[in-house]
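Single-letter residue listing:
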There are 2 protein chains.
Amino acid sequence: MNIGQAAKQSGISAKMIRHYESIGLIHSSARTDAGYRTYSQNDLHTLRFIKRARSLGFSLESIGHLLSLWQNQERASADVKMLAQDHIQQLNTKIRELTEMRDVLLTLVEGCQGNHRPECPILHGLEAGPNCSAAS
Amino acid sequence: MNIGQAAKQSGISAKMIRHYESIGLIHSSARTDAGYRTYSQNDLHTLRFIKRARSLGFSLESIGHLLSLWQNQERASADVKMLAQDHIQQLNTKIRELTEMRDVLLTLVEGCQGNHRPECPILHGLEAGPNCSAAS
DNA sequence: CTTGAGCTTCCCACAGTGGCAAGCTTGATA
DNA sequence: TATCAAGCTTGCCACTGTGGGAAGCTCAAG
């Protein structure tokens, strides 16, 4: 199967497949005499694994670790679990940060008339600092 | 005040202040004869505005809009409000995505023994796709 | 006058993805 | 068989926002 087919079937763009190869995330695929990359079902399996890991927000670096654990029959599930928990932590941190931002913004927006006049608590908030008293 | 002072007092690194100037987010500051950038209280005010907008997650592009509204005495608060609401939307979308990722991962992690043995539901989940039945 | 801190510009890096261009291959059709 | 479109190749540039470093100038204090 050529790269276009592999892209369609894995959900990863051809561009990205080449990129993943270039950074060593996946092994260099086989090539035809003309130099076309060819992909086996096994390769496809790996690409799908990557696709799903990406969709859970793992970084390419973490995915590298996950792949090597996946392919290592002697792995300890504890190692995988640690990676996953670590990522959950990061997700929670990010979620918390974004939620705080949103809540501050919501407060500001609620106070804003949103009319034709220039008076605007949102701008005042940015000026004075919503977190001015609460440090930064 | 030199750029170093401005950086300390605004919380934006000197590096970034120069960058913001280079992309036109802020006006080019005054210079001494020797070519050193100098910043007034007014400039500092602007930098702090940017700092706070950044801390609420606004993109530099949006901050450009916010700045011009801020400096325009004839703005309509409705315009500011729209920008803010738009950003809240984006934050909510992101929060939702990350939360979904986290929840899927939590489910996988719960099923994993996390011991010395290779059997690992997390890897199975990545293989088969946690969202395999639920589309992607 | 020397020294060290601070400033200048310019280039490189990161993660992850997209786009474009020049040139070759492949397969089908006229 | 000649040709044409679609698909492949590599390579370079873009984005966002930030940091690092180098080479060289300036300023203030000793």
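These numbers come from a predicted model, not from an experiment. (Residues numbered from 1 in each chain as written. Chains lettered and ligands numbered in written order. Predicted model: local features only at pLDDT ≥ 70, side-chain atom pairs only at ≥ 80, totals over all residues. Heavy atoms only, no water.)

In terms of helices and strands, chain A carries six helices and two strands. Across chain A, helices and strands are ordered from the amino to the carboxyl terminus as α-α-β-β-α-α-α-α. Taking 14 Å as the expected radius of gyration for a compact globule of 136 residues, we find that chain A reaches 23 Å, considerably beyond that expectation. Put simply, 44% of the contacts in chain A that link residues at least 6 apart link residues at least 24 apart. Surface accessibility of chain A: about 7700 Å² in total, with carbon and sulfur atoms responsible for 49%. Taking the average location of the 15 positive side-chain charges in chain A and that of its 13 negative ones, the two points are 10 Å from each other. (Helix = DSSP H or I, 4+ residues; strand = E, 2+ residues; numbered from the N terminus. Rg over C-alpha atoms; globule rule 2.2 N^0.38 Å. Contact = heavy atoms within 4.5 Å. Areas by Shrake-Rupley, 256 points an atom, 1.4 Å probe, with all protein chains shown as cover. Lys, Arg positive; Asp, Glu negative; His and termini not counted. Charge placed at Lys NZ, Arg CZ, Asp CG, Glu CD.)

Our focus in this paragraph is the pattern of salt bridges. Should their charged atoms come close, side chains of opposite charge can pair. Taken as a whole and judged by the stated rule, the model has eight salt bridges over all chains. For aspartate 103 of chain A, the salt bridge is made with arginine 102 of chain A, and the minimal N-O distance between the two is 3.2 Å. By relative accessible area, which is 34% here, aspartate 103 of chain A ends up partly exposed. Glutamate 97 of chain B is the partner of lysine 94 of chain B in a salt bridge, and the nearest nitrogen-oxygen pair spans 3.9 Å. Highlighted residues: lysine 94 of chain B and glutamate 97 of chain B, both in helix H5 (residues 77-111), separated by three residues, approximately one helical turn. Overall, the relative accessible area of 37% leaves glutamate 97 of chain B in the partly exposed class. Within this structure, Glu21, Arg31 and Arg37 of chain A form a network of salt bridges that share partners. (Salt bridge = Lys/Arg side-chain N within 4 Å of Asp/Glu carboxyl O. Buried < 20%, exposed > 50% of the residue type's maximum accessible area, 1.4 Å probe, protein only.)

Turning our eyes to something else, we now look at the relation of the copies chain B and chain A. Turning chain B through 180° and shifting it by 0.0 Å along the axis lays it on chain A, with an RMSD of 0.0 Å. When the rotation and shift are considered jointly, the pair of chain copies conforms to a two-fold rotation axis. Identified as the residue of chain B closest to the rotation axis by C-alpha distance is isoleucine 95 of chain B, at 2.8 Å. (Least-squares fit on C-alpha atoms with pLDDT ≥ 70 in both.)

The biggest cluster of nonpolar side chains holds 75 residues, and the ones touching the most others in it are Ile17 of chain A together with Ile17 of chain B. Non-local contacts of isoleucine 17 of chain A, meaning those with residues more than four positions away in its chain, are made with Ile3, Ala6, Ala7, Ser10, Ile12, Ile26, Tyr39 and Leu47 of chain A. (Core = buried A, V, L, I, M, F, W, Y, C linked by side-chain atoms within 4.5 Å.)

Right, let's get into the protein's contact with DNA strand D. Near DNA strand D there are 19 residues, and of these Gly4, Tyr36 and Arg37 of chain A together with Lys15 and Tyr20 of chain B occur at the shortest range. The contact atoms of DNA strand D, taken as those within 4 Å of the protein, divide so that sugar and phosphate hold 66%. Measuring from a phosphate oxygen of DNA strand D, one finds a side-chain N or O atom of arginine 18 of chain A at 2.9 Å. The side chain of tyrosine 20 of chain B places a nitrogen or oxygen atom 2.8 Å from a phosphate oxygen of DNA strand D. Every element with two or more residues in the surface near DNA strand D is listed here: helix H1 (3-10) and helix H2 (14-22) of chain A together with helix H2 (14-22) of chain B. At four residues, H2 of chain B tops the list of elements feeding residues into the surface near DNA strand D. When the residues that make up the surface near DNA strand D are grouped by side-chain class, the tally is seven nonpolar, six polar and six charged. (Near = heavy atom within 4 Å. Polar contact = N/O pair within 3.5 Å; in protein donor to acceptor, adjacent residues only side chain to side chain. Nonpolar A, V, L, I, M, F, W, Y, C, P; charged D, E, K, R; others polar.)

Turning next to the domain arrangement of chain A. For chain A, the assigned domains read domain 1 (3-56) and domain 2 (79-128). On a C-alpha basis, the centres of domain 1 of chain A and domain 2 of chain A stand 37 Å from each other. (Domains from an automatic or database assignment.)

Attention now goes to the environment of glutamine 71 of chain B. Residue and element names in this part refer to chain B. For glutamine 71, the position within the fold is in helix H4 (residues 60-71). According to the relative accessible area criterion, glutamine 71 is partly exposed, its value standing at 45%. Linking glutamine 71 and threonine 46, residues 25 residues apart in sequence, is a C-alpha distance of 9.7 Å.

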